[in-house]
Structure formats: structure tokens, C-alpha cells
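So you can see what is in the structure, the chains are spelled out below.
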Amino acid sequence: MYSVIVLDEDKDDSVHTKTATTSQIDVPSSDSETQDTRRESNCHQVASLLWKDLKDAYTNLYVLKFCIWVALATCGYNQMMTYVQILWVKIGGKQQVAYNGAVEAVYTIISAVSTLAFGQLNANWSKYGEAFLGLLTILQGVVLAISANTDSMFVAYTAYIIFGMLYNIMLVMTNSEVARYINEDSYALIFGVNTFVGLILQTVLTLTVAGEGGFEIPIRSQFVVYGAYFIVLGVVYAVKSVFNMCSR
């Protein structure tokens, strides 16, 4: 009789132990599910915020026109920077390579000083921004066309410095105007997207103009194409600015 009671008590203890163990196992499982749910919720929230920032920026026509210029101009600028050394070798021969580094240093200094000075300028860019972009972009195209047809290294170097300085000045203006009308938390997103689109366009331009399977245009003719690219881009913005002024 006593042994039966002891056995029953042992069974009861075993049942309680198994129940406790089971409940202890269930708790982590419940916590894991909660963490997964929280992660999904956070990811959904982040995606919603990113989409909202993108939508707010690119549905604003004032912001969009500057973002388009940044992407297209960055495409052309990067393309010029990639192939300008080849053009210099074509113009002056390999003996001129020693001066290329000095020109790069001068370009950096002049661009930094000019952009800092330009940043202090207070102008009504909502009224004159398109005209400003149009005229300076056309000037960039003319400078590239000159560098493509010159036999003087001094002219080629000067054209390079002027082109880069104009690009940096206009980039300061466009980015500052874009920043005025978008959420502060979305600066990196919008500027990053603009640059990414510019790199995609540059890839297409490289494959078309210089890549294997493309037209494989000689280097001087390439810079004529790049000059025409900037002239067309500038004309579009200049014409749009004239149209807007007339409509007012």
C-alpha cells in the first residue's frame, strides 16, 4: 500500500516536471514570434517612410526639375572626368602627363573657392534658377567642344578647369534648392538616388559612345558628343525658363 502511494506521488511529480518544462520551452517560442513580428513591423515602417520621402520629393515639380538636371549633369561630368586624360594625351603627347596632377590641384582649389563664394550669393533661384542652369550648362558644352578641337594644352587645361568649376557651382545651387523643399531626414536618400541615376546614365552613355559593341567614337569626337549633350541640356532649361517668364 505504501509503495503504491509512493509510486503515485512520483508520477504526479513527473507530470508537474514535464508541465513545467513544457511551459519553459513555450516561452522562448512566444518571444521569438514577437521579435519576428516586431522586425516585420519595423521593416514595413521603414519602407513606408522611404516611399513617402521619395514620393514627396519627386512629385514636387520644382524639386524634380533640379533632380533631373543633377542626374543628367552628373552623368556628363563623370564621363568627361573619365576620358579627359586620354584627350590630353591625344593633344599634347605623353610628355604632358607630368602637368596633369598640377592642373587637378589648381582645379580643386579654384572650384572650392568659387563654390564657397557662390554659396554666399543670395538670389531668387525659384525665378532665375532655370535660366542660370540653362546658360551655364550651354557654356559647359561650348567649353567641351573647344577642348575637343584644340591643339593647345593650355586651352585644354583651362577648359577643364572652367568646366569643372561651372559644374560645382551649379551643383551647389541645385542641391540647396532641393534641400529647401524636402524632409531633412531624406537628404541622403534623395541625393543618393540622383547620383545613382546619374551613374546608370553614364553607363549607358559609355556603352553607346566608347564601349565595345557601341559606336567606339575617337576621343576628340567623343568630346564633341559630350559638348553637344550639355548644349542640348542647357537649351532645354533655357527655353523652359523663357517660357515660364513669358507665361507670367
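See the structure shown above.
In this text, all values refer to a predicted model and were calculated from it rather than measured experimentally.

Quick notes on the rules
- Residues numbered from 1 in each chain as written.
- Predicted model: local features only at pLDDT ≥ 70, side-chain atom pairs only at ≥ 80, totals over all residues.
- Heavy atoms only, no water.
- Helix = DSSP H or I, 4+ residues; strand = E, 2+ residues; numbered from the N terminus.
- Buried < 20%, exposed > 50% of the residue type's maximum accessible area, 1.4 Å probe, protein only.
- Contact = heavy atoms within 4.5 Å.
- Patch = residues over 30% accessible without salt bridge, like charges linked within 9 Å, V, L, I, M, F, W, Y side chains within 5 Å.
- Areas by Shrake-Rupley, 256 points an atom, 1.4 Å probe, with all protein chains shown as cover.
- Salt bridge = Lys/Arg side-chain N within 4 Å of Asp/Glu carboxyl O.
- Axes fitted to C-alpha atoms, helices over the stretch in contact; angles between N-to-C directions.
- Parallel < 35°, antiparallel > 145°, perpendicular 65-115°, else oblique.
- Left-handed = near helix turned anticlockwise from the far one by under 90°.
- Nonpolar A, V, L, I, M, F, W, Y, C, P; charged D, E, K, R; others polar.
- Phe/Tyr/Trp six-rings, centres within 6.5 Å; stacked < 30°, edge-to-face > 60°.
- 1 Å grid on protein atoms, 1.4 Å probe; cavity = no way out; pocket = protein on both sides within 12 Å on 5 of 7 lines; lining within 4 Å.
- Points joined across faces, edges and corners; volume = space filled by probe spheres on them.
- Core = buried A, V, L, I, M, F, W, Y, C linked by side-chain atoms within 4.5 Å.

Visitor: Explain the side chain of Gln202 here, please?
Guide: Within the secondary structure, Gln202 is located in helix α6 (residues 187-209). With a relative accessible area of 13%, Gln202 lands in the buried category. The contact partners of Gln202, leaving out residues within four places of it in the chain, are Cys75, Asn78, Gln79 and Thr82.

Visitor: I keep staring at a nonpolar patch on the surface and nothing clicks. Help me out?
Guide: On the surface, a cluster of nonpolar side chains totalling about 420 Å² of accessible area is made up of Phe196, Val197, Ile200, Leu201 and Val204. Position of Val204 among the secondary structure elements: in helix α6.

Visitor: It is not clear to me how the packing of helix α2 (residues 61-92) against helix α5 (residues 153-180) should be interpreted in this structure. Could you clarify?
Guide: Helix-helix packing: each pair is described by the crossing angle between the helix axes and the interaxial distance. Relative orientation of the contacting elements α2 and α5 amounts to 165°, with a least axis distance of 10 Å. When the interaxial angle is binned, α2 and α5 end up roughly antiparallel. Judged by the sense of rotation from one axis to the other, the crossing of α2 with α5 is left-handed. Its residues assigned to classes, the contact of α2 with α5 comprises 23 nonpolar, 5 polar and 1 charged.

Visitor: What is the right way to read the packing of aromatic side chains from this model?
Guide: Given two aromatic rings, one states the distance between the centres and the angle between the planes to describe the pair. Per the stated rule, a full pass over the model turns up 15 aromatic pairs. Aromatic pair Trp69 and Tyr167: ring centres 6.4 Å apart, planes at 25°, arrangement stacked. Of this pair, Trp69 sits in helix α2 while Tyr167 sits in helix α5, placing them 98 residues apart in sequence. Between the aromatic rings of Phe118 and Trp125, the centroid separation amounts to 5.6 Å while the plane-to-plane angle is 40°, which identifies the pairing as tilted.

Visitor: Mind showing me how you'd approach empty space enclosed by the protein here?
Guide: Unoccupied space between atoms shows up once a probe the size of one water molecule is rolled over them. Per the stated rule, a full pass over the model turns up 1 cavity of 30 Å³ or more. Estimated volume of the largest cavity: approximately 50 Å³. Around the largest cavity sit Met80, Val84, Leu87, Trp88, Val143, Leu144, Ser147, Ala156, Ala159, Tyr160, Phe163 and Phe223, which together line it. Sorting the residues of the lining of the largest cavity by element identifies α2, α4 (125-149) and α5 as the ones contributing at least two each. Residue composition of the lining of the largest cavity, by class: 11 nonpolar, 1 polar and no charged.

Visitor: Looking at this structure, I do not really get the nonpolar core. What am I missing?
Guide: The nonpolar side chains of soluble globular proteins are, as a tendency, buried together. Membership of the largest hydrophobic core comes to 50 residues, with the highest contact counts inside it found for Trp69, Trp88, Phe132, Tyr160 and Phe223. Looking at this core, the elements that each hand over two or more residues are α2, α3 (97-119), α4, α5, α6 and α7 (219-247). Discounting residues that sit within four places of it in the chain, Tyr160 has contacts with Met80, Met81, Val84, Trp88, Val103, Glu104 and Tyr107.

Honestly, that's just the spatial picture; any functional story needs more than this.
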